[in-house]
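Residue-level listing of the chains:
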Amino acid sequence: MGQFGIGQSVKRKEDDRFITGKGRYTDDFHIDGEVYAAFVRSPFPHATVKSIDIDGAKSADGVLDVLTAAELDAAGVGPLPCIAPPITNKDGGDSVRPPRWSLAKDRVRHVGEPVACVVATSMNAARDAAEHVFVDYEDLPCVVDTEGALADGAPLLYESNPGNLAFDYFFGDEAKTDANFASAAHVTKQRLVNNRVAVVPMEPRATIAEPHEGGEKLTLHTATQGSQMWEFLVTQLVMQMPAENMRVVANDVGGSFGLKGFIFPEQVALMVAAKRLNKPVRWTSDRSEAFLTDNQGRDNISYAELALDEDGKFLGVRVNTIAAMGGALSAFAPNVPSVGPEGLQVGVYDVPAMAVRVKGVFTNTTPVDAYRGAGRPEAAYLIERLVDQAAHELNVSPAELRRKNFVHASQMPYTGAAGFTMDSGDFDAGLEKTLRTSDWDGYDARAADSKAKGKIRGRGLCYYMEKTGGAPQEVGRVHILPDEKVVISVGNKGSGQGHETSYGQMVAEKLGVPFENIEFRSGDTGDLPGGGFTGGSSSTYMGGGAVVQASADVVTQGKELAADELGVGPDKLNFDAEESVFEVPGTNKRLPLMSVTKLGKDGNGLIGNGVYEGNNPTFPNGGHVCEVEVDPETGVVTIDRYTIVDDFGVVINPMIVNGQVHGGVAQGIGQAAGEWVQYDADSGQMLTGSLQDYWLPRADDMPHLNIEHFTTPTDTNPLGVKGCGEAGATAAPPAYVCAVLDAVRPLGVEHLDMPITPSRLWQALQEAGR
C-alpha cells in the first residue's frame, strides 16, 4: 500500500477544479446555433385537458416551434418507462402501470406537469411565448393525502384504476407471523410517518439536445448517474431509435441523490425539438420548476408492530405501509418501498417471522422515486423506532435490548426471515465500540449539565444495516499510453462521490503507476459504450470490480509483451505491483510496466477491459448515537454530540468515506428536523415550492461528527468493500428522533413524527401539559 494506494486518505483530485470554479456542468457551456426551450405547465393538480391553442405562441417573436403531445405522438415517441420489475399483488393479481407521457395528453395529475414545450431564439422569448399557449382545463377533484388516496370516494386519478391502488405488495410468512404475535408476551405498536422530501441538488436538471446529420443522430448533454443505461432506455423504450444514433454526455454532475438517474419529460421534448429544427435546444430548470417537477422522496405511512416474548426476545415484525407514488409511476418508484428494502424491516435482529404489506397509491402530487437510500432508510426507521419504543415500554436499556436480539457473528452467514443471506457482520462488536466511543456511561453527567442550563437532554441510538446493490453489471477500462499517461474509464457517473480519486487509488495499488499520471473519464457513451449507473451505494464495488478486472487484463497483456522481450514464457513472469515491474523470479530479469507499454506494435499502449457482474449485495452496518438538548420554552433542538461507528469493510479512502457519511447524516437530519414537502389538501397546490418555504439544514444545524470505523471482512467482491454512500441518511433519522423523544418523554410526550420542527415540538409539549 503506497502513499496513493488503497486505504489512504488521498485528497480528492476533482476538488481543485470544483473549488476554483472550473467544474464543467451542463449549463456552463454553449453550442453554436443553440436555441432555448420553456415549458407550459399545469396550474391544476387534477384536470382534464379539453384543448390546447398554440397559435398565439407560434406567432410570437423569436418562436421556432411549439410541441404538444400530438407532435410527440407524430414523432413516434413512447411513454416514459417504469423499469422496475412488475409487482404481483398480494391476491395474485397484476399491479397496474398507466402510461406516463412526456407532455400531457387528456389529463394532468399534478401541479407542474408539462403540457407544451415552446422553443425560441432566446430564453426570455421562449418563456414569454409560453404565456400565449392557452390550455382549456376542466378542473377535477384532487387527493394529495397519502392515506386518504385509499379512502372510499377519494378522487380517482385513473378511471381504469379503482381505488387509486398502484400495487399491493406482500413479503413474508403471514401465518407464522400471526401465530408468533398471538403467543407474544408484549406487542409494541406504532403509526410512523416518513415525510415527503425534495431532493434539492445544487445543480438543477439541465439538458442540451444537439442534432447531427439533419437530425438523424443526437448528442444529449445532460446530468445523469449513468449515461450508458440512460442511453439504452431512451433509445429503445422512448425515442425508438438505433442506439448508434445517440450519444449521451454527462459532464460534472452537481449532486443527484437518485434524482438524475431517470428519464424526465423535458429531455424527451428537447430531443424531438432538436430533430425537428435541426438545431441544438437547451433547457435548464429553475428552482421553482425543480420543486414542482423533480422526483421527490419518501412519503410513507406505516403501521408497524414488534412482538416479544417474556424474556424480551423478538418473535416477529408486522408492517402495513401506504406509499405515495405521486401522479404517475416514475422509473423505479414501485420498487422503492417494496422489493428494494425487502427483508430489511427486521434490520440486524434475529427475528423468526415477518410480514410486510405495502400499498402503493396514486396521489395528485409530484411523482416519487429513489432518494438517497431508496427504501432502506424507511425500513431502518421502522425497526429502530419499534425497538426503541419497546425498550421504553419494557423499561430496559435500548442498547441491551438490541444486544439481546442481534444476529451474532457466530451465526454468519445468516439467512433468516428476511430471506437473504448476510455474509458478514459483527453487530455486538460494533455496538460495543459505538457505546464506548460515544461515552455512553457518561451521559447522566451531561444530562445534569443540560438541566442546569434550563435544557432537557435526550439520547437516541440506532444500529442500522443496509443491503446495497445497483446495476447488475458495470464496465471499466484501463488504458496505459506509451507516454505513460493512464486513463481510467468507468460506466457509473459520479455526482460528488470522489470517483476520480478512489478509482485512481485502485489502479495505483494494482498496477503501481504514478497517481499523478492517472486521468479519469466517465459519462460519455462515445468513450465507453457499455456500463451501468451510480446508485444503491454500489459504485465502489461495481465500478471498482470492473477496474480491478481491467487492471488484471493489463497485467495479462503486459506479460505477453514482456515475455517476448525477456525471452521467457508468460507463465514464468510475476508482476510486482509495488514496484510496477514484470520479473522472472530468481533472476535479475525485470521490465517496468511503463516500458512494456511501448512494446506494442500498434503504438497504442496497453488497454485492459473489465466487465464486473455484481451478483452479491454488501451489508454495511453500524451504530449512531445522537445527543440533543431541547429548549422546552421554544421547542428548539440542538444536537450536542453525534457519534458514528461504521463497518464498511475495506475502506478505499477514509477521508472520502467520512465525507459521504457527513453528507448522508446532513440529509437524514434534514428530513428528521425540518424538510417537508407539503400540499394544500383542498387546492392541491404545493405550499413549499421555494427555498423560502422549504427548510434545509444549514452548516450551524450540523454538529461535529465523531466517526470511527471497524471492519468485518467480506468476500462478496474483489475489493472487500461495503457500500457507504447512503449509510448516514439511513441511520440519522431514527437516531435523531429517538433522541428528541427521549428528552421530552418525561414531560409527557409519548410520540413524535418527522419532521420535528420547533413549532411542532412546542405544540406537542403544550398538548402534553408542559
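Further up the page is the structure itself.
Residues numbered from 1 in each chain as written. Predicted model: local features only at pLDDT ≥ 70, side-chain atom pairs only at ≥ 80, totals over all residues. Heavy atoms only, no water.

1. Points about the sheet that holds strand 21 (residues 518-521)
For step 1, the next point in the chain: In space, the four strands of this open sheet follow the order 21-20-19-25, with mixed pairing throughout. In this open sheet, the two edge strands, each paired with only one partner strand, are strand 21 and strand 25 (606-613). The average angle at which neighbouring strand axes cross in this sheet is 15°, direction not considered.
For step 2, the next point in the chain: Strand direction decides the pairing type here: strand 19 (residues 473-480) and strand 25, joined by eight bridges, are antiparallel. Counterpart to V475 in the pairing with strand 25 is V611.
For step 3, the next point in the chain: Against the sheet, helix 13 (residues 499-511) engages strand 19, strand 20 (486-490) and strand 21, with an angle of about 130° to strand 21.
For step 4, the next point in the chain: Across the sheet, helix 14 (residues 539-566) lies against strand 19, strand 20 and strand 25, angled at about 140° from strand 25, the strand it touches most. (Pairing = 2+ DSSP bridges. Helix = DSSP H or I, 4+ residues; strand = E, 2+ residues; numbered from the N terminus. Axes fitted to C-alpha atoms, helices over the stretch in contact; angles between N-to-C directions. Contact = heavy atoms within 4.5 Å.)

2. Observations regarding helix 6 (residues 227-238)
A turn of α-helix holds 3.6 residues, and therefore any two residues three or four places apart point the same way.
For step 1, the next point in the chain: If you check helix 6, its first and last C-alpha atoms are 15 Å apart, about what 12 residues at 1.5 Å a residue would give, namely 16 Å.
For step 2, the next point in the chain: Here helix 6 lies mainly inside the structure; nine of its 12 residues are buried.
For step 3, the next point in the chain: Among the residues making up helix 6, those that are buried are S227, Q228, M229, W230, E231, L233, V234, T235 and V238.
For step 4, the next point in the chain: In this fold, the buried residues of helix 6 make contact with strand 10 (217-222), strand 11 (246-249) and helix 7 (265-277).
For step 5, the next point in the chain: Just downstream of helix 6, Q240 is the residue with a positive phi angle, here 55°. (Expected span 1.5 Å × (residues − 1). Buried < 20%, exposed > 50% of the residue type's maximum accessible area, 1.4 Å probe, protein only.)

3. A word on the sheet that holds strand 15 (residues 354-362)
For step 1, the next point in the chain: Spatially, five strands are ordered 7-15-14-13-8 in an open sheet, and the strand pairing comes out mixed. The outermost strands of the open sheet, each flanked by one partner alone, are strand 7 (165-172) and strand 8 (186-194). Averaged over all pairs of adjacent strands, the angle between their axes in this sheet comes to 10°, without regard to strand direction.
For step 2, the next point in the chain: With seven bridges connecting them, strand 7 and strand 15 associate as antiparallel partners. For F171, the partnering residue across the bridge sits in strand 15 and is V356.
For step 3, the next point in the chain: Taken strand by strand, helix 5 (residues 174-182) contacts strand 7, strand 8, strand 13 (300-308), strand 14 (314-326) and strand 15, and its axis lies near 125° from that of strand 14.

4. What about unusual backbone geometry?
For step 1, the next point in the chain: Cis geometry is adopted by the peptide bond preceding P413, which originates at M412 and carries an omega value of -5°.
For step 2, the next point in the chain: Structurally, P413 can be placed in the loop between helix 10 (398-405) and strand 16 (414-415).
For step 3, the next point in the chain: Put simply, M754 and P755 share a cis peptide bond, and its omega is -5°.
For step 4, the next point in the chain: Note on placement: P755 falls in the loop between helix 17 (727-744) and helix 18 (758-767).
For step 5, the next point in the chain: For V200, which is not a glycine, the phi torsion comes out positive at approximately 50°.
For step 6, the next point in the chain: Summarising the element assignment, V200 is placed in the loop between strand 8 and strand 9 (206-212).
For step 7, the next point in the chain: With relative accessibility at 18%, the residue V200 sits in the buried group.
For step 8, the next point in the chain: One non-glycine residue, Q240, adopts positive backbone phi at about 55°.
For step 9, the next point in the chain: Within the secondary structure layout, Q240 lies in the loop between helix 6 and strand 11.

5. Focus on the pairing of strand 18 (residues 456-465)
For step 1, the next point in the chain: In terms of residue burial, strand 18 counts as a mostly covered element, since 10 of its 10 residues are buried.
For step 2, the next point in the chain: Neither face of strand 18 is exposed, since I456, G458, G460, C462 and Y464 on one face and R457, R459, L461, Y463 and M465 on the opposite face are all buried.

6. Topic: helix 14
For step 1, the next point in the chain: Here helix 14 contains 28 residues, and its C-alpha end-to-end distance of 38 Å stays within 8% of the 40 Å for a straight helix at 1.5 Å per residue.
For step 2, the next point in the chain: One or two positions beyond helix 14, positive phi appears at G567, with a value near 75°.

7. Considerations on the pattern of salt bridges
For side chains bearing opposite charge, pairing can occur when the charged atoms are close.
For step 1, the next point in the chain: Taken as a whole and assessed by the stated rule, the structure comprises 45 salt bridges.
For step 2, the next point in the chain: For E266, the salt bridge goes to R205, with nearest N and O atoms at 2.9 Å. Linking E266 in helix 7 with R205 in the loop between strand 8 and strand 9, this pair joins segments that are 61 residues apart in sequence.
For step 3, the next point in the chain: The exposure class of E266 is buried, given its relative accessible area of 1%.
For step 4, the next point in the chain: For R205, a relative accessible area of 5% gives the class buried.
For step 5, the next point in the chain: Connected through shared salt-bridge partners, D439, R446, K453, R457, E627, E629, D640 and R641 make up one network. (Salt bridge = Lys/Arg side-chain N within 4 Å of Asp/Glu carboxyl O.)

8. A look at the packing of aromatic side chains
How two aromatic rings sit relative to each other is given by the distance of their centres and the angle of their planes.
For step 1, the next point in the chain: The final tally for this structure, using the stated rule, is 14 aromatic pairs.
For step 2, the next point in the chain: Considering the side-chain rings of F314 and Y349, the 5.5 Å spacing of their centres and the 75° angle between planes classify their relative orientation as edge-to-face. Linking F314 in strand 14 with Y349 in the loop between strand 14 and strand 15, this pair joins segments that are 35 residues apart in sequence.
For step 3, the next point in the chain: A residue is classified by how much of its surface remains accessible, and F314, at 3% relative accessible area, is buried.
For step 4, the next point in the chain: The class of Y349 is buried, set by a relative accessible area of 1%.
For step 5, the next point in the chain: One aromatic cluster is present, built from ring pairs that chain together F314, Y349, F406, F427 and Y463.
For step 6, the next point in the chain: Stacked on the ring of F29, the Lys or Arg R24 has its end atom at 4.2 Å from the ring centre.
For step 7, the next point in the chain: Its end group placed over the ring of F264, R205 keeps NZ or CZ at 3.9 Å from the ring centre. (Phe/Tyr/Trp six-rings, centres within 6.5 Å; stacked < 30°, edge-to-face > 60°. Lys NZ or Arg CZ within 6 Å of the ring centre and 35° of its normal.)

9. Brief notes about the side chain of S424
For step 1, the next point in the chain: Tracing the chain through its elements places S424 in the loop between strand 17 (421-422) and helix 11 (427-437).
For step 2, the next point in the chain: The exposure class of S424 is buried, given its relative accessible area of 5%.
For step 3, the next point in the chain: A polar contact is formed between the side chain of S424 and the backbone oxygen of P713, at a distance of 3.5 Å. (Polar contact = N/O pair within 3.5 Å; in protein donor to acceptor, adjacent residues only side chain to side chain.)

10. A word on the nonpolar core
For step 1, the next point in the chain: Within the largest apolar cluster, 101 residues are counted, with the highest numbers of intra-cluster contacts made by Y642 and Y736.
For step 2, the next point in the chain: Other than its neighbours up to four places away in sequence, Y736 contacts C626, V628, V637, I639, A672, A673 and I756.
For step 3, the next point in the chain: Residues V478, V507, A508 and A562 belong to the second largest nonpolar core, which totals 40 residues. (Core = buried A, V, L, I, M, F, W, Y, C linked by side-chain atoms within 4.5 Å.)

11. Comments concerning the packing of helix 9 (residues 376-394) against helix 17
A pair of packed helices is captured by two measures, namely the crossing angle of their axes and the spacing between those axes.
For step 1, the next point in the chain: The interhelical angle for the contact between helix 9 and helix 17, taken along N-to-C directions, is 30°, at an axis separation of 8 Å. One finds that helix 9 runs roughly parallel with respect to helix 17. Classified by chirality, the crossing of helix 17 by helix 9 is right-handed. Across from R376, P377, A380, Y381, E384, R385 and D388 in helix 9, the residues of helix 17 making contact are A729, T730, P733, P734, V737, C738 and L741.
For step 2, the next point in the chain: Partitioning the contact of helix 9 with helix 17 into residue classes produces nine nonpolar, one polar and four charged. (Parallel < 35°, antiparallel > 145°, perpendicular 65-115°, else oblique. Left-handed = near helix turned anticlockwise from the far one by under 90°. Nonpolar A, V, L, I, M, F, W, Y, C, P; charged D, E, K, R; others polar.)

12. A few points about the state of the cysteines
Each disulfide consists of one covalent bond between the sulfur atoms belonging to two cysteines.
For step 1, the next point in the chain: The final tally for this structure, using the stated rule, is zero disulfides.
For step 2, the next point in the chain: Here C724 is not disulfide-linked; the sulfur of C462 is the nearest cysteine sulfur, at 17 Å. (Disulfide = S-S within 2.5 Å.)

Treat this as a map of the structure, not an account of what it does.
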